[in-house]
Amino acid sequence: MWHSGRVAVSDGERAVGGWIWNENVQPFLFLLAHYVGYDFDGTDWQAVELGLEATDDEHLDRWYSYPFVGLNHHVDVHLAKAVGGDEVSVRVTGTSDPELLLRADTLMAAFAIGPVP
């Protein structure tokens, strides 16, 4: 598993990635969606929850991707569970907006600390 930090994707696009605890995936996605301007609801969560079941963070072809198309931004959230662990690897791609990347990175750092009460 890799640690939080910016990763170059292309000249006009950047990505940020890291990991969070499995029980923090839903609150992470709800907050990230808020910053993107996307209305992430229960139906979205059901799709992500189902999509995460067969993921494996050690194999890029077994990651699950979900698009957030908001009013001001469009990002793709890539997720994969750690086999045998409680961690979920996360990568947010699709934007060059430095403020949004910083927010995504900050959320990952916060949700890697421990479960949200």
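Before any of the text, the structure's been laid out above.
Residues numbered from 1 in each chain as written. Predicted model: local features only at pLDDT ≥ 70, side-chain atom pairs only at ≥ 80, totals over all residues. Heavy atoms only, no water.

1. Observations regarding helix α1 (residues 25-36)
Between its first and last C-alpha, α1 extends 16 Å over 12 residues, near the 16 Å set by a 1.5 Å rise per residue. Those residues of α1 that sit buried are V25, F28, L29, L32, A33 and V36. All buried residues of α1 lie within an arc of 130° about the axis, which places them on one face of the element. G37, located one to two residues past α1, shows a positive phi value of around 90°. (Helix = DSSP H or I, 4+ residues; strand = E, 2+ residues; numbered from the N terminus. Expected span 1.5 Å × (residues − 1). Buried < 20%, exposed > 50% of the residue type's maximum accessible area, 1.4 Å probe, protein only. Arc of directions from axis to C-beta.)

2. A look at the packing of aromatic side chains
Taken as a whole and assessed by the stated rule, the structure comprises 8 aromatic pairs. When the ring of Y38 is compared with that of F68, the centres are 5.1 Å apart and the planes differ by 15°; the resulting orientation is stacked. Of the two residues, Y38 sits in the loop between α1 and α2 (42-52) while F68 sits in strand β3 (residues 64-69), which places them 30 residues apart along the sequence. Of the residues examined, F68 reaches a relative accessible area of 1% and is grouped as buried. Taking 5.5 Å as the distance between ring centres and 55° as the angle between the ring planes, the aromatic pair formed by F40 and F68 counts as tilted. Of this pair, F40 sits in the loop between α1 and α2 while F68 sits in strand β3, placing them 28 residues apart in sequence. For the pair F40 and F68, one class covers both residues: buried. Site record: aromatic cluster; members linked through ring pairs are F30, Y38, F40, Y64, Y66 and F68. Between the NZ or CZ atom of R91 and the centre of the ring of W63, over which it lies, the distance is 5.0 Å. (Phe/Tyr/Trp six-rings, centres within 6.5 Å; stacked < 30°, edge-to-face > 60°. Lys NZ or Arg CZ within 6 Å of the ring centre and 35° of its normal.)

3. Here we look at the pattern of salt bridges
Pairs can form between side chains of opposite charge once their charged atoms are near each other. Throughout the structure, instances matching the rule amount to 2 salt bridges. Put simply, R62 and D56 hold a salt bridge, and the shortest N to O gap is 4.0 Å. The class for R62 is partly exposed, based on a relative accessible area of 38%. Relative accessible area serves as the criterion here: at 8%, D56 is assigned to the buried category. Of the charged contacts, one joins E99 and R103 as a salt bridge, the two residues approaching to 3.0 Å between their closest N and O atoms. Of this pair, E99 and R103 both sit in helix α3 (residues 98-111), 4 residues apart, which is roughly one turn of the helix. (Salt bridge = Lys/Arg side-chain N within 4 Å of Asp/Glu carboxyl O.)

4. Some details on the nonpolar core
Ranked by internal contacts, the top residues of the largest apolar core, which has 27 residues, are F28, L29, L32, V48, F68, V90 and V92. Looking at this core, the elements with two or more residues in it are β2 (13-21), α1, α2, β3, β4 (74-81), β5 (87-95) and α3. Not counting the four nearest positions on each side in its chain, F68 is found in contact with L29, L32, A33, V36, Y38, F40, H73, H74, V75 and V77. (Core = buried A, V, L, I, M, F, W, Y, C linked by side-chain atoms within 4.5 Å. Contact = heavy atoms within 4.5 Å.)

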